[in-house]
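Commentary on secondary and tertiary structure
Residue-level listing of the chains:
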Amino acid sequence: MFKKKIIAAIVMTATIATSLFATSGEKAEAAYYHTKAITVAKANIGVPYRWGGITPSGFDCSGLVKYSFGKAGVTLPRTASDMFYTKGYRVSSLQVGDLMFFAPTKASKPTHVAIYIGSGKMIMASSSKGVIITYTSNTYWKPRYVGAKRI
């Protein structure tokens, strides 16, 4: 009977330890691909905007996000709307690497996506300036913000 209790305690300890390491490993992996995606996006600053663009010869907003996360090993849908409705989970407090979504009105589906890079800034493909870093408080984008997702 005593041996069974010891074995049960060892199994329980191993199970808890494994779940703790898996959780911290998953967080480390998430931190890696967020960092990698941002690095890829930043390497494309200045690339011109191209509607439907998904390569460094030209990006639209979702093309930049899909490309950047793809280089980090994460597959995302093609459009901002599909990213919003099918991937990740909604968050109210932004963390580096979160996807920020924008729409013409609060009631409409997202038509624009950017990557939050911290310190109140985001990286995106702007139709007027190509790939840029701008502030989340930008007077054009702030009122169009409809939420964020963590991938």
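Just above, that's the structure.
Here's what I pulled together on the structure shown here. (Residues numbered from 1 in each chain as written. Predicted model: local features only at pLDDT ≥ 70, side-chain atom pairs only at ≥ 80, totals over all residues. Heavy atoms only, no water.)

1. Quick word on the overall build of the chain
Looking only at helices and strands, the chain has 3 helices and 8 strands in total. Each helix and strand of the chain, ordered N terminal to C terminal, gives the series α-β-β-α-α-β-β-β-β-β-β. Every one of the 151 residues in the chain was classed for burial, and the buried ones make up 40%. A fraction of 50% describes how many contacts in the chain between residues 6 or more apart in sequence connect residues 24 or more apart. Accessible area of the chain: about 8,800 Å², with a carbon and sulfur share of 62%. (Helix = DSSP H or I, 4+ residues; strand = E, 2+ residues; numbered from the N terminus. Buried < 20%, exposed > 50% of the residue type's maximum accessible area, 1.4 Å probe, protein only. Contact = heavy atoms within 4.5 Å. Areas by Shrake-Rupley, 256 points an atom, 1.4 Å probe, with all protein chains shown as cover.)

2. A look at the pairing of strand 4 (residues 99–102)
Judged by which residues are buried, strand 4 turns out to be covered on both faces: Leu-99 and Phe-101 on one side and Met-100 and Phe-102 on the other are all buried. Judged from the 4 bridges that link them, strand 4 and strand 8 (residues 145–150) form a sheet pairing that is antiparallel. Within the sheet, the bridge partner assigned to Leu-99 lies in strand 8 and is Lys-149. (Pairing = 2+ DSSP bridges.)

3. Examining the sheet that holds strand 8
The 6 strands lie next to each other as 3-8-4-5-6-7, forming an open sheet whose pairing is antiparallel. What marks the edges here is a single partner per strand, and that holds for strand 3 (89–91) and strand 7 (130–135). Ignoring which end each strand starts from, the neighbouring axes of this sheet average 35 degrees apart. Sheet analysis places strand 6 (residues 121–126) next to strand 7, joined by 6 bridges and oriented antiparallel. Note on strand 7: the bridge partner recorded for Ser-126 is Gly-130. With respect to the sheet, helix 2 (residues 61–71) is in contact with strand 4, strand 5 (112–118), strand 6 and strand 7, its orientation differing from that of strand 5 by roughly 50 degrees. (Axes fitted to C-alpha atoms, helices over the stretch in contact; angles between N-to-C directions.)

4. A short note on the packing of aromatic side chains
Considering all chains together, one arrives at 7 aromatic pairs under this definition. Here Phe-59 and Tyr-67 contribute two aromatic rings whose centre-to-centre distance is 5.2 Å and whose plane-to-plane angle is 55 degrees, an arrangement assigned as tilted. Classification of Phe-59 by relative accessible area gives buried; the value is 0%. Cluster of aromatic residues (ring-pair linked, three or more members): Phe-102, Tyr-140, Trp-141 and Tyr-145. Geometry around Tyr-140 places Arg-144 over its ring, the cationic atom sitting 3.8 Å from the centre. Its end group placed over the ring of Phe-84, Lys-149 keeps NZ or CZ at 5.5 Å from the ring centre. (Phe/Tyr/Trp six-rings, centres within 6.5 Å; stacked < 30°, edge-to-face > 60°. Lys NZ or Arg CZ within 6 Å of the ring centre and 35° of its normal.)

5. Examining the environment of Lys-109
If you trace the backbone, Lys-109 turns up in the loop between strand 4 and strand 5. Along the primary structure Lys-109 and Asp-82 are separated by 27 residues, whereas in three dimensions their C-alpha atoms are 9.6 Å apart.

6. Section: the pairing of strand 5
Judged by how many residues are buried, strand 5 sits mostly within the fold: 7 of 7 residues are covered. Examined bridge by bridge, strand 4 and strand 5 share 4 bridges and lie antiparallel to one another. Bridging from a neighbouring strand, Leu-99 pairs with Ile-115 of strand 5. As consecutive antiparallel partners, strand 5 and strand 6 are separated by 2 residues, and within that stretch Ser-119 has a phi angle of approximately 55 degrees, a positive value.

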